[in-house]
Amino acid sequence: MQDKSFLMIPGPTPVPESVLLELAKHPIGHRTEEFSKILLGCTEDLKYVGKTKESDVFIITGSGTSAMESAIASFISPSDKILSLVIGVFGARFAEIANIYGASVEKMEVAPGNIIDLHILEKRLKEDKNKEIKVVTVTHSETSTGAANDLENIAKLVKHHGALLIVDAVTSLCCMKKHLTVLKVLLLHLI
Ligand SMILES: Cc1ncc(COP(=O)(O)O)c(C=O)c1O
């Protein structure tokens, strides 16, 4: 890869030569045993990345936005109350998708470059005595501003409240030091 020029933007990411060579091969049938084995192998390896043995891992053959939409469509029913933590474009996208799916969306927004204030979040969640907030959405690393939320502590607060936390980790998973600990917290929360 040393002789290649690199695009130093969040994506598309540089692809190793070995992967490019695999892609050059003729496709195999997606209902064959051979394909099933590869899919199961990839899923197991992703569990290792997420430091989980028991929790389910799903591979989505789509963009980051399609994964965000899948999460909203799977966990939100129309009129459910959701709290969207918005620190930039991608956090706002989560709120917009939830809105399209009919949720009652409350946004907690900060000025560009800032992150969610844990005290303000804690206060808001404590106010929700009837546990109306079903889901909290958050972007871990907000690519549009370069700011990263304190996900570990956000996860603790949301877990204490009892809502489900949906995290966009598109540009933090496998990159930010704390992602593994954080993932463990989230995965435990989902069990
Ligand atoms: C933090 C974050 N969330 C979501 C997305 C959306 O991903 P995609 O462009 O694959 O839909 C991006 C894309 O850069 C991103 O950086």
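As the structure is a prediction and not an experimental result, all values here were calculated from the model.

**Student:** Honestly, helix α3 (residues 64-75) in this entry has me stumped. Any pointers?
**Tutor:** Residues that lie three or four places apart on an α-helix share one face, since the helix turns once every 3.6 residues. End to end, α3 covers 17 Å across 12 residues, agreeing with the expected 16 Å (1.5 Å per residue, within 8%). For α3, the complete set of buried residues consists of Met68, Ala71 and Ile72. Projected down its long axis, α3 carries its buried residues within an arc of 95 degrees, all on one side. For α3, exposure combined with an orientation more than 90 degrees from the buried face picks out Ser66, Ala73 and Ser74.

**Student:** Looking at this model, I keep getting lost on the site of the ligand. Mind explaining?
**Tutor:** Around the ligand sit 11 residues in total, of which Ser63, Gly64, Thr65, Thr143 and Val170 are the nearest. Of the residues assigned to the shell around the ligand, the class counts are 3 nonpolar, 7 polar and 1 charged.

**Student:** Is there a simple way to explain the pairing of strand β2 (residues 104-109) in this structure?
**Tutor:** A regular strand places its side chains on the two faces of the sheet in alternate fashion. Strand direction decides the pairing type here: strand β1 (residues 81-86) and β2, joined by 6 bridges, are parallel. By the bridge assignment for β2, Ile82 is matched with Val105. Handedness of the crossover joining β1 and β2 through helix α4 (residues 89-100) is recorded here as right-handed.

**Student:** What is the right way to read the environment of Ala163 from this model?
**Tutor:** Within the secondary structure, Ala163 sits in the loop between α6 (151-161) and β6 (164-168). C-alpha of Ala163 to C-alpha of Ile133: the two residues are 30 residues apart in sequence and 6.4 Å apart in space. Setting aside residues up to four positions removed in sequence, Ala163 forms contacts with Ile133, Lys134, Val135, Val136 and Val158.

**Student:** Teacher, can you tell me more about the environment of Thr139 here?
**Tutor:** Mapped onto the fold, Thr139 is located in strand β3 (residues 133-139). Judged by the 32 C-beta atoms lying within 10 Å of it, Thr139 is buried. Once the C-alpha coordinates of Thr139 and Leu151 are considered, the two residues, 12 residues apart in sequence, prove to be 8.6 Å apart. In this view, Thr139 contacts Ile87, Gly88, Phe90, Gly91, Asn149 and Asp168; residues no more than four positions away in its chain are not counted.

**Student:** Hey, could you run me through the sheet that holds β6 in this one?
**Tutor:** Strand pairs in the sheet, formed through backbone hydrogen bonds, run parallel or antiparallel to each other. Taken in spatial order, the 4 strands line up as β2-β1-β3-β6 in an open sheet, and their pairing is parallel. Edge strands, defined here as strands with exactly one partner in the open sheet, are β2 and β6. Between one strand and the next, the sheet's axes are offset by a mean angle of 20 degrees, whatever the strand orientation. Pairing geometry for β3 and β6, over 5 bridges, is parallel. Considered in β6, the bridge of Val136 is made with Leu165.

Rules used in this analysis
- For every chain, the first residue of the written sequence is number 1, and numbering continues from 1 along that sequence.
- With the structure being a predicted model, the display of local features is reserved for residues of pLDDT at least 70 and the display and counting of side-chain atom pairs for 80 or more, all residues being used for whole-chain, interface and lining totals.
- Strands are runs of DSSP state E lasting at least 2 residues, helices are runs of H or I lasting at least 4, and numbering of each runs from the N terminus.
- One less than the number of residues in a helix, times 1.5 Å, gives the span that helix is expected to have.
- Partly exposed residues are those whose C-beta has more than 12 but fewer than 20 other C-beta atoms within 10 Å; with 20 or more the residue is buried, with 12 or fewer it is exposed, and the C-beta atoms are placed from the backbone.
- Directions drawn from the helix axis to the C-beta atoms are what define this arc.
- We count a residue as near a molecule or strand when its backbone-placed C-beta atom lies within 6 Å of that partner.
- Classification convention: Asp, Glu, Lys, Arg as charged; Ala, Val, Leu, Ile, Met, Phe, Trp, Tyr, Cys, Pro as nonpolar; all other residues, Gly among them, as polar.
- Any two strands with at least two DSSP-identified bridges between them are counted as paired.
- Convention used here: a crossover is right-handed provided that the path from the first strand, over the helix, to the second strand proceeds clockwise when the strands point away from the viewer.
- With C-beta atoms placed from the backbone, a contact is any residue pair whose C-beta atoms sit within 7 Å.
- Fitted lines through C-alpha atoms give the axes, limited to the stretch in contact for helices. The angle between two N-to-C directions lies from 0 to 180 degrees.

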